[in-house]
Amino acid sequence: MSRATLAKHPDEVTRMFDEAADHYDRTNTLLSGGQDRIWRARARAALALQPGETCLDVACGTGVSTEELARSGATVIGVDRSPGMVARGAARSLDLRVGDALQLPFEAAAFDAVTIMFGLRNVVDPGAALREMARVTRPGGRLVVCEFSHPTWEPFRTVYLRYLMGGLPRIANRVSSNPDAYTYLSDTIRAWHDQPSLAALLQEAGWQRVGWRNLTGGIVALHRATAPAHGPGPHSADRHEGPRMEPAV
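Residues numbered from 1 in each chain as written. Predicted model: local features only at pLDDT ≥ 70, side-chain atom pairs only at ≥ 80, totals over all residues. Heavy atoms only, no water.

Chemist: Any chance you could break down the layout of surface pockets for me, citing the residues and the numbers?
Modeler: Reported here for the largest pocket is a volume of approximately 900 Å³. Looking at the largest pocket, it is lined by 49 residues, and the ones nearest its centre are Phe 17, Tyr 24, Met 117, Phe 118 and Asn 122. Within the residue set of the lining of the largest pocket, elements represented by two or more residues are helix H1 (10–20), helix H2 (24–31), helix H3 (35–47), helix H4 (64–70), strand S2 (75–80), helix H7 (154–175) and helix H8 (179–191). For the lining of the largest pocket, the class distribution of residues is 28 nonpolar, 13 polar and 8 charged. The calculated volume of the second largest pocket comes to roughly 150 Å³. If you go around the second largest pocket, the residues you meet are Ala 46, Arg 142, Leu 143, Val 144, Arg 209, Gly 211, Arg 224, Ala 225, Thr 226, Arg 244 and Glu 246. (1 Å grid on protein atoms, 1.4 Å probe; cavity = no way out; pocket = protein on both sides within 12 Å on 5 of 7 lines; lining within 4 Å. Points joined across faces, edges and corners; volume = space filled by probe spheres on them. Helix = DSSP H or I, 4+ residues; strand = E, 2+ residues; numbered from the N terminus. Nonpolar A, V, L, I, M, F, W, Y, C, P; charged D, E, K, R; others polar.)

If you want it as structure tokens, here you go:
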């Protein structure tokens, strides 16, 4: 896979995550200084799930995010392309399935809400994945994308980039079952969309009422959107409504 770009082959990415599954959750917590737990909780709050609703957690990994979402009382299904990740999460009392974000194994309008946490940048075609997520979301349903982004304060961004290029790979080399995976992840984080361009990608995929909120100075951004009232498509109402930035957290 190419370094410092978003070029990737799906099978290579899947194999990489299979090999990283054993210590994946612990490594993420160490590398983020425990912030990953806060980010997942913020994503759950942004999705505002209610008991009785159904939610799809795309790129769920070992099910840590699925478990967090289930705290809401909603019925949550997790899906991930990596059999190794799904197998690692088998000990949790969750509905985790192997599946591709580009061909979700669900009927149209099957869910009240959909989310993808730290997985969209690993999909070979993020726009197609967003359209597929719109397909399985009921009209008026919600989407939350929780993903690494670009710090908004220049001095902090400089320090953060140094950490991505140096500190993160060194730590991963000591604690991860597949350190090379974290070199790749560092590269994709640096190459990924900033907040406005991801908002634009959501709108191009047919999502409406797009807005975002920065977490931890913009290291992570929560993008929220609503499925079109009459299904995804180029003629959906409010398609040209500009994205809205919410207060940073």
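Chemist: Describe in detail the pairing of strand S5 (residues 137–148), supporting the description with residues and values.
Modeler: By the criterion of burial, S5 is predominantly enclosed, with 9 of the 12 residues buried. With 6 bridges joining them, strand S4 (residues 111–117) and S5 adopt parallel strand pairing. Paired with Val 114 across the bridge in S5 is Leu 143. As for the winding sense of the linkage, the β-α-β connection from S4 through helix H6 (residues 126–135) to S5 is right-handed. (Buried < 20%, exposed > 50% of the residue type's maximum accessible area, 1.4 Å probe, protein only. Pairing = 2+ DSSP bridges. Right-handed = clockwise from strand over helix to strand, strands pointing away.)

Chemist: I'd love a proper account of the nonpolar core, names of residues and values included.
Modeler: In globular proteins that are soluble, nonpolar side chains generally tend to be buried together. Core analysis: the biggest nonpolar cluster contains 36 residues, and Trp 39, Cys 146, Phe 148, Tyr 182 and Val 220 have the highest contact counts within it. At the level of secondary structure, the elements contributing two or more residues to this core comprise H1, H2, H3, S4, S5, H7, H8 and strand S7 (220–226). Examining the composition of this core, we find that 5 residues originate from one element, H8, more than from any other. Val 220 has contacts with Trp 39, Phe 118, Cys 146, Glu 147, Phe 148, Ser 149, Arg 213, Asn 214 and Leu 215, leaving out every residue within four places of it along the chain. Core analysis: the second largest hydrophobic core is formed by 30 residues, Val 58, Leu 120, Ala 199 and Ala 227 among them. (Core = buried A, V, L, I, M, F, W, Y, C linked by side-chain atoms within 4.5 Å. Contact = heavy atoms within 4.5 Å.)

Chemist: Go over the packing of aromatic side chains with me, naming the residues and quoting the values.
Modeler: One pass over the full model with this rule turns up 5 aromatic pairs. Ring centres of Trp 39 and Phe 118 lie 5.9 Å apart, and the angle between their planes is 50°; this geometry places the pair in the tilted category. Taken as a pair, Trp 39 in helix H3 and Phe 118 in the loop between S4 and H6 lie far apart in primary sequence, 79 residues in all. For the pair Trp 39 and Phe 118, one class covers both residues: buried. Centre to centre, the rings of Phe 118 and Phe 148 are 4.8 Å apart; their planes meet at 45°, and the pair counts as tilted. Residue Phe 118 is found in the loop between S4 and H6, and its partner Phe 148 is found in strand S5; the two are separated by 30 residues along the sequence. Residues Phe 118 and Phe 148 agree in their burial class; the two are buried. (Phe/Tyr/Trp six-rings, centres within 6.5 Å; stacked < 30°, edge-to-face > 60°.)

Chemist: Explain the packing of H2 against H7 residue by residue, including any values.
Modeler: Put simply, H2 and H7 touch, their axes get as near as 10 Å, and they point 140° apart. On the basis of their axis angle, the class for H2 and H7 is oblique. Pair H2 / H7 crosses with right-handed handedness. Seen from H2, the contacting residues are Arg 26, Thr 27, Leu 30 and Leu 31; seen from H7, they are Tyr 163, Leu 168, Ile 171, Ala 172 and Val 175. When grouped by side-chain class, the residues that make up the contact of H2 with H7 number 7 nonpolar, 1 polar and 1 charged. (Axes fitted to C-alpha atoms, helices over the stretch in contact; angles between N-to-C directions. Parallel < 35°, antiparallel > 145°, perpendicular 65-115°, else oblique. Left-handed = near helix turned anticlockwise from the far one by under 90°.)

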